[in-house]
Every structure is written in structure tokens, then in C-alpha cells.
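So the chains spell out like this:
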Amino acid sequence: MSALETMMPPVQYADFADIRLAYYETGPKRGTPVVFCHGFPELAFSWRHQLKACAAAGRRAIAPDQRGYGLTSRPDAVEAYDIVHLTDDLTRLLDHLRIEKAVFCGHDWGGIVVWQMALLHPDRTAGVIGVNTPFMPRGQADPIAVMRERMGEEMYIVHFQKPGEADTALAKDVGRTMDFFLRRPPAGMAEAGGAGAGFATERKPGDPSIFPLVKVLEAWDPAFDPRERFLTDDERAAFVETFQRTGFTGGINWYRNFTRNWRLGEGVEQKVKVPALMVMAELDAVLPPSAADGMGAFVPDLEKALIKGSGHWTQQEKPEETSRIILDWLAKRFPV
């Protein structure tokens, strides 16, 4: 049996008008549930440790494969992956499960989605937990234009705007791609100055692009990568076999909606009016703890927690600590 079968609850499906959404559910059907939302390039499977911990704590928990990923449908249209669709999927999942409100917990891109749940669907959002991803208020300019100017044409989010290029590069050898992504931060990173400035980094005129993911992947030699893996062989196979089947276009299409989402957000009040928890990872180079500075101005009811020694894949690198922080906060703010 695969790790998806042995480490996850049985898969279930919610049939909507436009997609079929796969999800995994555990725990007793009482109290305020938590919905875990994954990032890129991940799956509901990324939350396997937290689903187990929630069940053990008597907490109802749900983790979907979000649109474009895993066992969920992958629409063709790029616009089908905008923030309206991504948040509507979650409200429709609540409807399917006959849940009025939930706490939404998101990592990476899932973090962007769950913060937007509080803005676009406050009536369905009891609370928000961001793992690595802080609340990012809408800026004054198109975010792709800003990233292109500050970080360069090969910065991965900017590069992802080109149809098919990154999709093909990542899918060329899925095992190699996942091995490149899913590793711990380099040893000694904390002593060397930590995570850096993340998206706040600015290059000097004439400097190469910052975070040129595809270019780095193409040049990457695993024999010379000192970073440790955190997946078992079976866990790795769950990711590799899934993305060999689905490809990466669905997930990359989320990035292709940055400009559209920015336009859709015009006029939306940038205030999170529900209880919130921000879980920061000390060594995340893309979303460092400093990215959460100033969140209190937009998220008044905010608590923060820092996980030492973790890179980007926090809930998998430090599963026990991540689960404990989440469950302690839930117990305090949303007792079962």
C-alpha cells in the first residue's frame, strides 16, 4: 500500500458544478473544525502529521487536494485558478460537509488562500492560521510588475507567467524536481545569518535575478547538495507518483493569477477580523520571519510563534512542534 493509503484517512470527494474536489477528514464531528490548505508543489498529504495529531486530540480536521492538485480536478483555463475560485472551493467544501464555520490553516500558497478567506468569506471563517505565509495586504501596484522590477525576469514567480516553460522544466524529471524542493535548509544557515529578507530582497542594477528557481534546478547536482531530505522513501513516492500523473500546470496556474487577484482585490478592506495565529519558520529563505513584521496593523487579534531550525516545509520538517503550536492555540481560542 502507498503512503497515501497508510498515512492518510480515506479519500472522499465533493462534486461541484465545475470540479470534483478530493479531501481527507479525520476526528470527531464536533467543535470548530480546522481545514488545512497546502502550498506548491504539495498536496493534502503534506498535512498528514497534523491530521493524525488532530485526531489524537479529538479535533475535527479536513485537508483537501486543492484545485489543480492530486486527485482534484485540473481545469484548463488559467482564470479558473484565481482567488475567487480558490476561496469558493473552500466555502463549497464547508457546504458539502454541513459546516457553518472553520478555522483555516494554510502553508505557502495555501497561506495566501486562508488569509483571503478572512477577507472574502468572513461569515465562514472562524479563525486563520498562517504557516510561514504572513498576511500580505494588497499593494498599490501590480505585484508581478513589482517583482519583475525588484527581482528580475528569472525570479520564479515572474518566470511562471510564461505559458508552459516552467511546467515543462519541472515535469521533465519529477523525482529530481521533488528531491530539489523537499529538503531541509543547509546546515549552519542560522549561524551564517539566517533566512535573509525573502521577497523584500532587492537586487542592484545589473545583478542577476533573485530566486531563479528553474535556472537553479536545471544546474542542480544532487551529489553536491548537502541539504538533508526529510521524507522517507514511501513519502517521497507519494509526491513523485502524484506529480508524474498530474504535472505541475495546475499549481503554476495559481501563480499566473497574481495580477488578476490584485485587480479583484480592489476595494476589499485589508483587515482580518478573526483570531489569527502566525507560525514562522526561522530558516525559510522565501518567507522568513521578518515577512510577518507589521502584521498587527492588519490582523489585530494576532499571536505569533517561531519554529527554530525549520526551513520552508515546516509542517513536514518539524511536524510535532508545528502540530503542538496549532493545537495549543486551537484549544485556547476554539475549545472543543
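Model, not experiment: these values are computed from the prediction.

1. Comments concerning the overall build of the protein
Across its full length, the protein holds 14 helices and eight strands. Taken over the C-alpha trace, the protein has a radius of gyration of 19 Å; the compact-globule value for 336 residues is 20 Å, and the two agree within 12%. Projected onto the principal axes, the alpha-carbon positions of the protein cover approximately 55 × 50 × 45 Å. The burial tally for the protein puts 56% of its 336 residues in the buried class. Across the protein, contacts joining residues at least 24 apart in sequence account for 79% of those joining residues at least 6 apart.

2. Observations concerning the pairing of strand β7 (residues 276-281)
Note on strand geometry: in a regular strand, side chains alternate between the two faces of the sheet. Among the six residues that make up β7, six are buried, leaving the element largely enclosed by the rest of the structure. Burial along β7 is two-sided: A276, M278 and M280 facing one way and L277, V279 and A281 facing the other are all buried. Direction of pairing for strand β6 (residues 125-131) relative to β7: parallel, over a ladder of four bridges. For V128, the partnering residue across the bridge sits in β7 and is A276. Both β7 and strand β8 (residues 302-307) contribute to a ladder of six bridges, which runs parallel.

3. What about the pattern of salt bridges?
Within this structure, the stated rule accounts for 24 salt bridges. One salt bridge in this structure joins R227 and D225, with 2.7 Å as the shortest N-O distance. There is no split in this pair, since R227 and D225 are both buried. In this structure, D328 engages R324 in a salt bridge whose closest nitrogen and oxygen atoms are separated by 3.8 Å. Of this pair, D328 and R324 both sit in helix α14 (residues 319-333), four residues apart, roughly one helical turn. Residue D328 is classed as partly exposed on the basis of its relative accessible area, which comes to 45%. Taken together, the shared-partner salt bridges connect D18, R67, D89 and R92 into one network.

4. Brief notes about the packing of aromatic side chains
Inspection of every chain in the model, using the stated rule, returns 24 aromatic pairs. Consider the rings of F40 and F181, whose centres lie 6.3 Å apart with planes at 85°: the pair is edge-to-face. Of the two residues, F40 is situated in the loop between β3 (34-37) and α2 (48-56) and F181 in helix α8 (residues 174-181); the sequence distance between them amounts to 141 residues. The exposure classification of F40 matches that of F181, with both residues buried. An angle of 80° between the planes, with centres 5.4 Å apart, marks the rings of F40 and Y255 as edge-to-face. Here the residue F40 occupies a position in the loop between β3 and α2, and Y255 occupies one in helix α11 (residues 249-255), the gap between them amounting to 215 residues. F40 sits in the buried class, given a relative accessible area of 5%. Between R20 and the ring centre of Y13, over which it is positioned, the NZ or CZ distance is 3.9 Å. Here the basic side chain of R227 rests over the ring of F180, its NZ or CZ set 5.7 Å away from the ring centre.

Calculation notes
- Residues numbered from 1 in each chain as written.
- Predicted model: local features only at pLDDT ≥ 70, side-chain atom pairs only at ≥ 80, totals over all residues.
- Heavy atoms only, no water.
- Helix = DSSP H or I, 4+ residues; strand = E, 2+ residues; numbered from the N terminus.
- Rg over C-alpha atoms; globule rule 2.2 N^0.38 Å.
- Buried < 20%, exposed > 50% of the residue type's maximum accessible area, 1.4 Å probe, protein only.
- Contact = heavy atoms within 4.5 Å.
- Pairing = 2+ DSSP bridges.
- Salt bridge = Lys/Arg side-chain N within 4 Å of Asp/Glu carboxyl O.
- Phe/Tyr/Trp six-rings, centres within 6.5 Å; stacked < 30°, edge-to-face > 60°.
- Lys NZ or Arg CZ within 6 Å of the ring centre and 35° of its normal.

The quantities given are spatial measurements derived from coordinates; they are silent on function.
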